[in-house]
Amino acid sequence: MAPLELSPPQDPQDGQDGQDGQDGQDPSSDVGKQRLTEDQKKKNHVQSEAKRRETLRAAFDRLCERVPGMEGQGRSEGIVLKKTVEFIREQLELRRTLVRDAESRGVVVSDEDKEPIRILERLEQRDRQRGLDAARLPALQPVASENDVAEEDDDVSGANENDD
């Protein structure tokens, strides 16, 4: 990055760049400071923006390295984000299964270890409220319990009795 060039100080009374004391700062605090020219400000902005883009690019590259199935996918940010969300949800579902298995064997699982599962459940609830298509997100649908299946069987048998 090139060093910044400073322009000669401007008169604080000229009202440029909001340095007329009306921005809540004391104009005398600028004494001895040199102001940037518009060209210097533009160069700084361009450099800052390039650094921001490079930081984002590096973050997406790290995601591509860590999320399975991203090899050879190109670097579409939309695809990277979608695959990352899918991977995180899969990991949360795996955690839920492991916690349920552990608890069914009598292992005490701490609330701290269950917190990611609560996050998943809130996401699933939000998705149901939004009415997302079940075919698009099959892993997000709750697993039917034995009671739910028994209730459905009762509903079906009750409907058949009324057909007579």
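Calculation rules
- Residues numbered from 1 in each chain as written.
- Predicted model: local features only at pLDDT ≥ 70, side-chain atom pairs only at ≥ 80, totals over all residues.
- Heavy atoms only, no water.
- pLDDT = per-residue confidence, 0-100.
- Contact = heavy atoms within 4.5 Å.
- Core = buried A, V, L, I, M, F, W, Y, C linked by side-chain atoms within 4.5 Å.
- Buried < 20%, exposed > 50% of the residue type's maximum accessible area, 1.4 Å probe, protein only.
- Helix = DSSP H or I, 4+ residues; strand = E, 2+ residues; numbered from the N terminus.
- Expected span 1.5 Å × (residues − 1).

(A) Up close: the confidence of the model for the protein. When pLDDT is averaged along the protein, the result is 74, and 60% of the positions lie at 70 or above. Note on residues 140-164: pLDDT under 50 across the span, and eight contacts to partners over four residues away in sequence or across chains.

(B) Quick look at the nonpolar core. F60, C64, V67, M70 and V80 together form the largest nonpolar core, which totals five residues. Excluding anything up to four places from it in sequence, V80 contacts F60, L63, C64 and M70.

(C) Highlighting the environment of T84. Relative to the elements of secondary structure, T84 occurs in helix α2 (residues 77-104). T84 sits 15 residues away from G69 along the chain, and the two C-alpha atoms are 9.8 Å apart. If we ignore the near neighbours within four places in the chain, the residues touching T84 are L63 and V67.

(D) The arrangement of helix α3 (residues 111-130) in detail. Over its 20 residues, α3 extends 28 Å from the first C-alpha to the last, a length consistent with the 28 Å expected when each residue adds 1.5 Å. All buried positions along α3 are accounted for by P116, I117, L120, E124 and D127. In this structure, the buried side of α3 is in contact with α2.

(E) Helix α1 (residues 38-66), seen in detail. Here α1 spans 42 Å end to end across 29 residues, near enough to the 42 Å set by a 1.5 Å rise per residue. When we look at burial in α1, the residues that qualify are Q40, N44, F60 and C64. Where the residues of α1 are buried, they touch α2.

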